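The primary structure of each chain is shown beneath.
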Amino acid sequence: MKIPKLLNCYKLLHKSHLLIMPILISGFLFYMTSCTNVPQSIQGDNDWSFIVYGDLRQGFGVYERLATSMAEIKPTPLLALCTGDVLLEAGKEAEWINFWKYSKPITDAMPVLIVRGNHEGNDESAEWLLHKETSIPDNQSFYYTIVLNNQKMIMLDTEIRGQEDSISNEQLQWLKNELNSASDLNEIENIFIFMHRPLYRQGVHLGEKLQNADELHQLFLQHKKIKAVIAGHDHLFHFQNKDGINYIISGGAGAELRHGYGGDYYHYLLFSLSEKNSTVNMKTLGMFNEVIEDRDL
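Because the structure is a prediction, the values reported are computed rather than measured. Throughout this description, residue numbers start from 1 for each chain and increase along the sequence as written. Only residues with pLDDT of at least 70 get local features here, since the model is predicted, and only at 80 or more are side-chain atom pairs given and counted; chain-wide, interface and lining totals rely on the full set of residues. Note that water and hydrogens are dropped before the side-chain values are worked out from all heavy atoms of the structure.

### Topic: the overall build of the protein
Link 1 in the chain: When you go through the protein residue by residue, the secondary structure sums to 8 helices and 12 strands.
Link 2 in the chain: Three labels apply to residues, based on accessible area from a 1.4 Å probe with only protein chains included: buried if under 20% of the type maximum, exposed if over 50%, partly exposed otherwise in between. Looking at the protein as a whole, 58% of its 297 residues qualify as buried.
Link 3 in the chain: Only heavy atoms matter for contacts: two residues are in contact if any of them lie within 4.5 Å across the pair. The long-range fraction of contacts in the protein, counting pairs at least 24 apart against all pairs at least 6 apart in sequence, stands at 70%.
Link 4 in the chain: In this description, accessible areas are obtained by the Shrake-Rupley approach with a 1.4 Å probe, and a residue is regarded as covered only by the protein chains that are shown. A total of about 12,400 Å² of accessible surface is found on the protein, and carbon and sulfur atoms cover 49% of it. Helix numbers and strand numbers start at the N terminus; a helix is a DSSP run of H or I with at least 4 residues, a strand a run of E with at least 2.

What follows is the structure, encoded as structure tokens:
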């Protein structure tokens, strides 16, 4: 099932919560457990999980293998999130067709949400196609939030025309409101923030940062429920804890890697959550579901 149809089923509303219904998730789990000849798979540590990956840019040989590995995880994750750069060239419908083709192992098992990357483009034709492929209505922006099992997930847009490489203006005020409301709600346990460009670049671009990175960092410090800020853009894996905020870069889903800076391997991330113990575990997994890094957040 292609995610645009899936998002329509969930009635995605811009600037509002999306509550993924247990009965639909149960259907995904039944589908996976009823398959025959399921390959050897990694076992999730906790009650439920979600996947994060980013930066394909036509690296479909690598992505096909990673997608197959993602689909082998048991129990099946509830959601996959892509941190952007699905495309190499903005506005190319053929690339979207290939993306969904190679994503089929994932989309057969779970929903996929996409954060806009710089390679998705922000001119009128590219945005029209992105709206079409993500089923976000034409009159709505590419930043929004969902709630999944008491976890608030905020998807940001670092590519707004005229505001590239920043979270500013209307979006920044919206973000502040969303963080405030999540902090005030007892039923929200953790906040995860997803964006394409990281606040603090790594690898060959070490030392560069989002235009208002320090402002955003100070904002994040005011909200203790923030569990992680996850981005792509740099083609590697990187983890850092800055003043108590976990900043993670995952840009290894097929695009050319940046070697010589550490974290230069193809990968995706598996976040496992325990409702009983209120714990979050993050594994960095390679192309054959080998565990490269394992940490509790």
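Further notes follow.
### Let's talk about the sheet that holds strand E3 (residues 112-114)
Link 1 in the chain: Pairing between two strands is assigned when DSSP locates at least 2 bridges connecting them. Across the sheet, which stays open at both edges, the 6 strands sit in the order E3-E2-E1-E10-E11-E12 with mixed pairing between neighbours. Edge positions in the sheet fall to E3 and strand E12 (291-296), since each has one partner strand and no second. On average, each strand axis in the sheet is tilted by 20° relative to the strand beside it, whichever way the strands run.
Link 2 in the chain: The pairing of strand E1 (residues 48-53) with strand E2 (residues 80-82) spans 3 bridges and is parallel. Opposite isoleucine 51, over in E2, you have alanine 80 as the bridge partner. Between N-to-C directions, angles span 0 to 180 degrees; the directions come from axes that are lines fitted to C-alpha atoms, helices contributing only their stretch in contact.

### Comments concerning the sheet that holds strand E7 (residues 226-231)
Link 1 in the chain: An order of E4-E5-E6-E7-E9-E8 is seen for the 6 strands of this open sheet, with the pairing classed as mixed. The sheet terminates laterally at strand E4 (144-148) and strand E8 (237-242), the two strands that pair on one side only. Recorded for the sheet is a direction-independent mean angle of 20° between the axes of neighbouring strands.
Link 2 in the chain: Pairing between E7 and strand E9 (residues 245-250): 3 bridges, direction parallel. Note that in E9 the partner of isoleucine 230 across the bridge is isoleucine 248.
Link 3 in the chain: Where helix H7 (residues 169-184) meets the sheet, it contacts E4, strand E5 (151-155), strand E6 (190-194) and E7, and its direction lies at approximately 175° from that of E5.
Link 4 in the chain: Of the strands in this sheet, E6, E7, E8 and E9 touch helix H8 (residues 213-221), which is tilted by about 130° from E9.

### Quick look at the environment of threonine 158
Link 1 in the chain: Inspection of the secondary structure puts threonine 158 in the loop between E5 and H7.
Link 2 in the chain: Judged by its relative accessible area of 0%, threonine 158 is buried.
Link 3 in the chain: For threonine 158, the residues in contact, after removing those within four places along its chain, are Arg116, Gln163, Glu164, Asp165, Ser166, Ile167, Met195, His196, Arg197 and Leu210.
Link 4 in the chain: In this structure the side chain of threonine 158 is engaged in a polar contact, spanning 3.4 Å, whose partner is the backbone nitrogen of arginine 197. The term polar contact refers here to a pair of N or O atoms within 3.5 Å; inside protein, the definition further demands a hydrogen-donor-capable atom paired with an acceptor-capable atom, and it admits residues adjacent in sequence only when both atoms are side-chain atoms.

### Looking at the packing of helix H3 (residues 60-71) against helix H4 (residues 93-102)
Link 1 in the chain: Two elements in contact, H3 and H4, have axes whose closest approach is 9 Å; the angle formed by their N-to-C orientations is 30°. Relative to H4, the element H3 is oriented roughly parallel. Here Phe60, Tyr63, Glu64 and Ala67 of H3 come into contact with H4, specifically with Glu95, Asn98, Phe99 and Tyr102.
Link 2 in the chain: Note on residue classes: Ala, Val, Leu, Ile, Met, Phe, Trp, Tyr, Cys and Pro are nonpolar, Asp, Glu, Lys and Arg are charged, and everything else, Gly too, is polar. Per-class residue counts for the contact of H3 with H4 are 5 nonpolar, 1 polar and 2 charged. We call two directions roughly parallel when the angle between them is under 35 degrees, roughly antiparallel when it is over 145, roughly perpendicular when it lies between 65 and 115, and oblique otherwise.

### Structural notes on H4
Link 1 in the chain: The set of residues buried in H4 consists of Glu95, Trp96, Phe99 and Trp100. Looking straight down H4, one finds its buried side chains confined to an arc of 135°; they lie on one side. Structural note: H4 exposes Ala94, Ile97 and Lys101 on the side pointing more than 90 degrees away from its buried face. Along the arc lie the directions from the helix axis toward the C-beta atoms.

### As for the pairing of E1
Link 1 in the chain: E1 sits mainly inside the fold: 6 of its 6 residues count as buried.
Link 2 in the chain: Where burial is concerned, the two faces of E1 agree: the one with Trp48, Phe50 and Val52 and the one with Ser49, Ile51 and Tyr53 are both buried.
Link 3 in the chain: Of the strand pairs in this sheet, E1 and strand E10 (residues 268-274) are connected by 5 bridges, and their pairing is antiparallel. Within the sheet, the bridge partner assigned to valine 52 lies in E10 and is leucine 269.

Note that all results are geometric; they support no functional claim without further evidence.
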